[in-house]
Amino acid sequence: MTHTLQQLSDLEDIRTLKHRYFRCIDTANLNELSELFTDDVQVDYRGGGYRVQLQGREQMLEFLANSFNADSLARHHGHMPEIRFTGDDSAEGTWYLEDLFISLARRDCTWGTALYRDRYVRMGEVWKIAKTEYDRVIEVWEPLREDIKILSHYLSRHGRKLADCTDNSRFLTFTEPG
Amino acid sequence: MTHTLQQLSDLEDIRTLKHRYFRCIDTANLNELSELFTDDVQVDYRGGGYRVQLQGREQMLEFLANSFNADSLARHHGHMPEIRFTGDDSAEGTWYLEDLFISLARRDCTWGTALYRDRYVRMGEVWKIAKTEYDRVIEVWEPLREDIKILSHYLSRHGRKLADCTDNSRFLTFTEPG
Amino acid sequence: MTHTLQQLSDLEDIRTLKHRYFRCIDTANLNELSELFTDDVQVDYRGGGYRVQLQGREQMLEFLANSFNADSLARHHGHMPEIRFTGDDSAEGTWYLEDLFISLARRDCTWGTALYRDRYVRMGEVWKIAKTEYDRVIEVWEPLREDIKILSHYLSRHGRKLADCTDNSRFLTFTEPG
């Protein structure tokens, strides 16, 4: 298939949109995150022992602020996009996530992989995330090793303090691992 | 160098081809995998203690079905492509692999990195993998930690059952680590 | 935004430049690395317990040759570029690093993530790295597990021997973790 200049540019823009998303969650950059979603963004993350379901930018930002708090170390790397246009101003994308999440309070680590299925729309000149879902491929839990040393921890300075977090459980259903 | 629209589109297509490959092996998606190779695909993977050599789509699919079985957890992420055209309908690509493979039967984990060298050809309108090789940069083996919990395991539901696997050793030579 | 053919081609070339950088450091490919930087490249890596500051291709190559020595296993994967043109022949880029570095002499492992901010310039027909900086998001240190086995170790054959390394401490300041 031969793409147009506009389509090739759109592929660059859509990839950069999602790249910004991953950089901003792991650094609790709420200001920049607020630009990346449609007002009515739909979210459905189907994890190993949990399911996250929420609607709208406000819920999403609150969920992310609570999740990427000052007690956490987070690595979310989205790889290998497969993007398909569904119209002049809409597209779908598959991404393959590699993630690691350490909770210092719980002294545990969850890591794994997942497959995202997203929907993107152009609003004016700018692409936004309208829908994002994932299903887990791998999810592994383990206690944090006793002998590690944390030498850099960006979220400890930039993430929301645990005491200021609101309850994320309103967005969560706990499910059977599988 | 200034690429043509066709070349830029081809770069997108070739990347997506390989992205699909990695997504499909880790999810044992044999149907989709069958579309990605030429009939006479050539494979040569030079690992730490093994070498995989095979020829043709049929052997490749059988090798992958046996490898990504229901007893395994697999993460294969191909990064940082360097793609060069060798003709209007042919190209070569270098990819930098990050992989992790857990065998629950053996209770062990092998992880590392490798450099792929691939050859792609356009068949009709569609790019296919005609040749794929890799050399290891890092390969590390370790016993699985006793205290981990597997919370999501996609291949346990979608991979070939161990009892149905055929013997992959016909594709394998065992070599000195190095 | 609609990019021109030249800009889209430049995005491909700039990405490939950085992809080559990561492949070549982990494989101690000093010859190819020497092509990737401007003569006066500026480097500032702000890590957990260290800061690397140096100037010029010669210092950079010496620093890299000492770092990626035969005693080391290194994985440096640059992900999710966000590239912005600042002129016809200049651009800036953000990359999200995932890295792991094992020292067999010290029997330890340092791993984590960082955000690169680079500056690229076109010299003749070729893009080069003119400036590269990073700040750590995560840096974790841990002793190497006793029970691992190294099955492939490319740098042991291609990296500079420890006995031939010069002192990298002239490029380093040791800082408080944070």
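In this convention, every chain numbers its residues from 1, walking through the sequence in written order. Starting at A for chains and at 1 for ligands, labels are handed out in the order in which the entities are written. Only residues with pLDDT of at least 70 are given local features in this predicted model, and only at 80 or more are side-chain atom pairs given and counted; all residues enter the totals for whole chains, interfaces and linings.

1. Observations concerning the interface of chain A and chain C
Here is step 1 of the chain: Listed by partner, the interface residues are 28 residues for chain A and 28 residues for chain C.
Here is step 2 of the chain: Among the secondary structure elements, those contributing two or more residues to the side of chain A that touches chain C are helix 1 (5-26), strand 3 (72-87) and strand 7 (149-153) of chain A.
Here is step 3 of the chain: Every helix listed is a DSSP run of H or I at least four residues long, and every strand listed is a run of E at least two residues long, numbered separately from the N terminus. Of the residues forming the side of chain A that touches chain C, the biggest block, 12 residues, is contributed by helix 1 of chain A.
Here is step 4 of the chain: The residue classification treats Ala, Val, Leu, Ile, Met, Phe, Trp, Tyr, Cys and Pro as nonpolar and Asp, Glu, Lys and Arg as charged. All others, Gly included, are polar. A per-class count over the side of chain A that touches chain C returns eight nonpolar, 10 polar and 10 charged. This entry defines residue contacts through backbone-placed C-beta atoms, with two residues in contact when those atoms are within 7 Å.

2. Considering unusual backbone geometry
Residue and element names in this part refer to chain A.
Here is step 1 of the chain: At A28, a position not held by glycine, the phi torsion is positive, near 50°.
Here is step 2 of the chain: Within the fold, A28 resides in the loop between helix 1 and helix 2 (30-33).
Here is step 3 of the chain: Of note, M80 is a non-glycine position whose phi angle comes to about 50°, a positive value.
Here is step 4 of the chain: Mapped onto the elements of the fold, M80 is located in strand 3.
Here is step 5 of the chain: To sort residues by burial, count the other C-beta atoms lying within 10 Å of each one's C-beta; a count of 20 or more means buried, 12 or fewer means exposed, and anything in between means partly exposed. C-beta atoms are built from the backbone. Residue M80 is classed as buried on the basis of its 22 C-beta neighbours within 10 Å.

3. Digging into the relation of the copies chain B and chain A
Here is step 1 of the chain: Note on the copies: chain B fits chain A at an RMSD of 0.0 Å, the axial shift is 0.0 Å, and the rotation between them is 120°. Both chain copies can therefore be described as sitting about a three-fold axis. Rotation axis and chain B: the residue whose C-alpha lies nearest the axis is L5 of chain B, separated from it by 4.1 Å.
Here is step 2 of the chain: Different-surface contact between copies: only 11% of interface residues of chain B are shared with the interface of chain A. The atoms used to superpose the copies are C-alpha atoms, taken from residues with pLDDT of at least 70 in both, and the fit is least squares.

4. A look at the relation of the copies chain A and chain C
Here is step 1 of the chain: When chain A is brought onto chain C, the operation consists of a screw motion whose angular component is 120° and whose axial shift is 0.0 Å, with 0.0 Å RMSD remaining.
Here is step 2 of the chain: The residues that chain A uses at the interface reappear at the interface of chain C in only 11% of cases, marking distinct surfaces.

5. Comments concerning the environment of N69 of chain B
Residues and elements named next belong to chain B.
Here is step 1 of the chain: Structurally, N69 is set in the loop between helix 3 (57-67) and strand 3 (72-87).
Here is step 2 of the chain: A tally of 22 C-beta atoms within 10 Å means that N69 is categorised as buried.
Here is step 3 of the chain: Note: C-alpha distance between N69 and R160 (91 residues apart in sequence) is 4.6 Å.
Here is step 4 of the chain: Other than its neighbours up to four places away in sequence, N69 contacts G159, R160, L162 and C165.

6. So, the interface of chain B and chain A
Here is step 1 of the chain: In this assembly, 28 residues from chain B lie in contact with 27 residues from chain A.
Here is step 2 of the chain: Mapped onto the side of chain B that touches chain A, the elements with two or more residues apiece are helix 1 (5-26), strand 3 and strand 7 (149-153) of chain B.
Here is step 3 of the chain: With 12 residues, helix 1 of chain B is the largest single contributor of residues to the side of chain B that touches chain A.
Here is step 4 of the chain: Considered class by class, the residues forming the side of chain B that touches chain A number eight nonpolar, 10 polar and 10 charged.
Here is step 5 of the chain: Strand pairing is assigned whenever DSSP detects at least two bridges linking the two strands. With four bridges joining them, strand 6 (residues 126-143) of chain A and strand 7 of chain B adopt antiparallel strand pairing.

7. Observations regarding helix 1 of chain A
Here is step 1 of the chain: For helix 1 of chain A, built from 22 residues, the straight-helix expectation of 32 Å at 1.5 Å per residue is met to within 8% by its first-to-last C-alpha distance of 32 Å.
Here is step 2 of the chain: At the C-terminal side of helix 1 of chain A, A28 of chain A shows a positive phi close to 50°. Helix span, as expected, comes to 1.5 Å for every residue beyond the first.

8. Let's talk about the environment of M60 of chain B
Residues and elements named next belong to chain B.
Here is step 1 of the chain: For M60, the location among the structural elements is in helix 3.
Here is step 2 of the chain: Along the backbone, M60 and Q42 are 18 residues apart, and their C-alpha atoms lie at a distance of 8.7 Å.
Here is step 3 of the chain: Residue contacts for M60: discarding those within four places in its chain leaves F37, V41, V43 and L54.

9. Topic: the pairing of strand 5 (residues 108-123) of chain C
Residue and element names in this part refer to chain C.
Here is step 1 of the chain: Bridge analysis of strand 4 (residues 90-103) against strand 5 gives 14 bridges, and the strand direction is antiparallel. Bridged to A91 within strand 5 is Y120.
Here is step 2 of the chain: If you look at the hairpin formed by strand 4 and strand 5, you'll find four residues sitting between the two strands, and R107 has a positive phi there, around 55°.
Here is step 3 of the chain: Inspection of the sheet shows strand 5 paired to strand 6 (residues 126-143) by 16 bridges, in the antiparallel sense. Residue pairing across strands places D108 opposite P143, the latter belonging to strand 6.
Here is step 4 of the chain: Hairpin connection of strand 5 to strand 6: two residues between the antiparallel strands, including G124 at a positive phi of 65°.

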